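What the coordinates show
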Amino acid sequence: MEMMSGAFARSAHGVLSEQAVVAGYQPPCAALRAAFAVCLAGTPVLRRDLSPALMAELEHYAVWLQAALQPPSELLVAAWLKKLGGLVTNPPGGDSAAARCAAIFEVCGELAAGVWNRSARMAWVRQPPRNDYYAGARWPSPSELYTLLVPFDTALRRDAEGCRKLMKSLKNH
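The present account deals with the structure reproduced in this document. (Residues numbered from 1 in each chain as written. Predicted model: local features only at pLDDT ≥ 70, side-chain atom pairs only at ≥ 80, totals over all residues. Heavy atoms only, no water.)

A look at the overall build of the chain
Each helix and strand counted, the chain has seven helices and two strands in total. When its helices and strands are written in sequence order, the chain yields β-β-α-α-α-α-α-α-α. Counting across all 173 residues of the chain, residues that qualify as buried make up 41%. Sequence separation of at least 24 residues holds for 78% of the intrachain contacts in the chain that already meet a minimum separation of 6. On the chain, roughly 9500 Å² of surface is accessible, and the fraction owed to carbon and sulfur atoms is 56%. (Helix = DSSP H or I, 4+ residues; strand = E, 2+ residues; numbered from the N terminus. Buried < 20%, exposed > 50% of the residue type's maximum accessible area, 1.4 Å probe, protein only. Contact = heavy atoms within 4.5 Å. Areas by Shrake-Rupley, 256 points an atom, 1.4 Å probe, with all protein chains shown as cover.)

Given below as structure tokens:
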């Protein structure tokens, strides 16, 4: 797998893999986020408004977003949960592991593949205590994990909408 600008990795066939999407996730740079915000506010952006480096980053980010917005596979979620298991005090084992992973996939499987990344895993384990209870030190229930991951999904979809509008603005002007 070849690494490209920033967070983007492609296989030898030029297709972003699910592993590359998750392992390589980085939010867009501040300049792209600003351009997304301008487009979402309804102001057109012209090609001359973006540097060549920013145009290249936008093109790579748009390709990454296509893969990141796909539904995750059960294997991707299971791999993410396996890594989480090393960070909590009570990971499921044996027969219960598959059932608990399946329950999490059933509840959270509608979230984009791009949310199943290291940042989300760290967000789980680094939660502040609630009523002297360290939720992040323990294995999540499906609903707890869904609640934690929804903001990641929302941000990803907002960035995708901004990216689509920016690409359309550049194409039309």
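The discussion continues.
Observations concerning the environment of Arg158
The topology assignment puts Arg158 in helix H7 (residues 142–172). Along the chain, Arg158 and Ala37 lie 121 residues apart, while their C-alpha atoms are 9.5 Å from each other. If we ignore the near neighbours within four places in the chain, the residues touching Arg158 are Arg33 and Leu40.

Digging into helix H4 (residues 74–85)
Three or four residues apart is the spacing at which side chains of an α-helix point the same way, because the helix has 3.6 residues per turn. Taking 1.5 Å of rise per residue, twelve residues should cover 16 Å, and H4 covers 16 Å from first to last C-alpha, within 8% of that figure. By the burial criterion, the buried members of H4 are Leu76, Val77, Trp80, Leu81, Leu84 and Gly85. (Expected span 1.5 Å × (residues − 1).)

A few points about the packing of aromatic side chains
Geometry of an aromatic ring pair is reported as the spacing of the ring centres plus the angle between the planes. Following the criterion strictly, the structure yields three aromatic pairs and no others. Judged by centre distance (5.1 Å) and plane angle (85°), the rings of Trp80 and Trp116 are edge-to-face. Highlighted residues: Trp80 in helix H4 and Trp116 in the loop between helix H5 (94–108) and helix H6 (118–125), separated in sequence by 36 residues. Overall, the relative accessible area of 0% leaves Trp116 in the buried class. (Phe/Tyr/Trp six-rings, centres within 6.5 Å; stacked < 30°, edge-to-face > 60°.)

Remarks on helix H3 (residues 52–68)
In this model H3 runs 24 Å from its N-terminal to its C-terminal C-alpha over 17 residues, within 8% of the 24 Å that 1.5 Å per residue would give. Regarding H3, the residues found buried are Leu54, Met55, Glu57, Leu58, Tyr61, Ala62, Trp64, Leu65, Ala67 and Ala68.

Here we look at the side chain of Arg121
Looking at the secondary structure, you find Arg121 in helix H6. With sequence-adjacent residues up to four places away left out, Arg121 is seen in contact with Trp80, Lys83, Leu84 and Leu87.

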